[in-house]
Amino acid sequence: MSQKEENQASEQRVRIRQDIIDAIAETMDLYGATHSSGQLYGIMFFENRPMTLDEMKIRMNMSKSNMSYAVRSLVESQMVKKLEEKQERKELYAAEVDFFLAFQNFFTLKLQREINVMTEAINKALPELTELILDEHITDQERNLALQDLYKLRHGHTYYEWLQQFVDALKRGEYFKDPSST
């Protein structure tokens with residue numbers, strides 16, 4: 001292969017990588033992660049070695065505070081791991097490159113947060129609505145509206161119980177096995 005052909009192949013590979021990085025950033029943005037966190041994950045996904053914050057900052061052309069926020073968010077979602085070893089006293093980070101595991105980690109955390117927030121609100125509202133319904137001083141119209149709300153919230157509670165079972169099974173890896181590993 002000539003030098004020109006090799007350069008063209010390299011440029012094509014870099015363009016393909018950038019297209020995937022952009023797609024990762026767009027999809028992560030759909031699920032509440034910042035676009036820049038998605039880009040950083042994409043860059044780290046293709047990096048075949050751990051990176052320091054300084055390397056990420058230079059690669060992303062971001063401020064240190066924004067970079068720290070993006071990395072912290074990726075570490076919390078377990079899409080990036082902070083490694084035990086260091087490079088010249090600097091922390092090293094590596095992306096989770098197994099899409100199945102990245103999906104499992106990201107979504108179980110997001111869904112668990114939703115379950116916790118909504119279950120707490122519903123559990124607080126149910127007894128308050130019940131008390132309101134039983135209050136002999138409210139109008140029939142208010143009682144009927146409270147009964148409708150109670151019905152909707154009980155249905156919501158059933159949904160969040162189901163969602164908790166789904167998340168628990170997802171954490172255990174029950175919904176998918178990497179087809180390439182068979």
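Residues numbered from 1 in each chain as written. Predicted model: local features only at pLDDT ≥ 70, side-chain atom pairs only at ≥ 80, totals over all residues. Heavy atoms only, no water.

- Per an unreviewed UniProt entry, the protein chain carries the name HTH-type transcriptional regulator and comes from Paenibacillus alginolyticus.
- The UniProt entry for the protein chain carries the following text under Sequence similarities (unreviewed entry): "Belongs to the GbsR family." (UniProt positions renumbered as here; feature names shortened; annotations may be inferred.)

1. Considering the overall build of the protein chain
Point 1. Within the protein chain, the secondary structure is distributed over six helices and two strands.
Point 2. When the helices and strands of the protein chain are placed in sequence order, the string is α-α-α-α-β-β-α-α.
Point 3. Taken over the C-alpha trace, the protein chain has a radius of gyration of 24 Å; the compact-globule value for 182 residues is 16 Å, which it surpasses by more than 25%.
Point 4. Structurally, the protein chain occupies a C-alpha span of about 85 × 40 × 30 Å along its principal axes.
Point 5. Counting only residues that meet the buried cut, the protein chain has 31% of its 182 residues in that class.
Point 6. For the protein chain, the share of sequence-separated contacts (at least 6 apart) that also reach a separation of at least 24 residues comes to 57%.
Point 7. Carbon and sulfur atoms make up 53% of the accessible area of the protein chain, which amounts to about 12500 Å² in all.
Point 8. Across the protein chain, the centroid of the 23 positively charged side chains sits 7 Å from that of the 30 negatively charged ones. (Helix = DSSP H or I, 4+ residues; strand = E, 2+ residues; numbered from the N terminus. Rg over C-alpha atoms; globule rule 2.2 N^0.38 Å. Buried < 20%, exposed > 50% of the residue type's maximum accessible area, 1.4 Å probe, protein only. Contact = heavy atoms within 4.5 Å. Areas by Shrake-Rupley, 256 points an atom, 1.4 Å probe, with all protein chains shown as cover. Lys, Arg positive; Asp, Glu negative; His and termini not counted. Charge placed at Lys NZ, Arg CZ, Asp CG, Glu CD.)

2. Description of the side chain of Q112
Point 1. The topology assignment puts Q112 in helix α5 (residues 99-134).
Point 2. Once residues within four sequence positions are removed from consideration, Q112 is found in contact with F107, Q164, V167 and K171.

3. What about the layout of surface pockets?
Point 1. Considering only enclosed or pocket space, the largest pocket measures out at about 310 Å³ in volume.
Point 2. Around the largest pocket, the lining is made up of 14 residues, and of these S73, E76, S77, F106 and K110 lie nearest the centre.
Point 3. Elements that contribute at least two residues to the lining of the largest pocket include exactly α4 (64-76) and α5.
Point 4. Of the residues that constitute the lining of the largest pocket, the class distribution is six nonpolar, four polar and four charged.
Point 5. Its boundaries defined by the atoms lining it, the second largest pocket holds a volume of some 220 Å³.
Point 6. Around the second largest pocket sit I24, T27, M28, Y31, Y41, M79, F99, A102, F103, F106 and F107, which together line it.
Point 7. Broken down by element, the lining of the second largest pocket gets its largest block of residues, five residues, from α5.
Point 8. Considered class by class, the residues forming the lining of the second largest pocket number 10 nonpolar, one polar and no charged. (1 Å grid on protein atoms, 1.4 Å probe; cavity = no way out; pocket = protein on both sides within 12 Å on 5 of 7 lines; lining within 4 Å. Points joined across faces, edges and corners; volume = space filled by probe spheres on them. Nonpolar A, V, L, I, M, F, W, Y, C, P; charged D, E, K, R; others polar.)

4. Regarding the side chain of S37
Point 1. Examined against the element boundaries, S37 turns out to sit in helix α2 (residues 35-46).
Point 2. A polar contact is formed between the side chain of S37 and the side chain of T34, at a distance of 2.7 Å. (Polar contact = N/O pair within 3.5 Å; in protein donor to acceptor, adjacent residues only side chain to side chain.)

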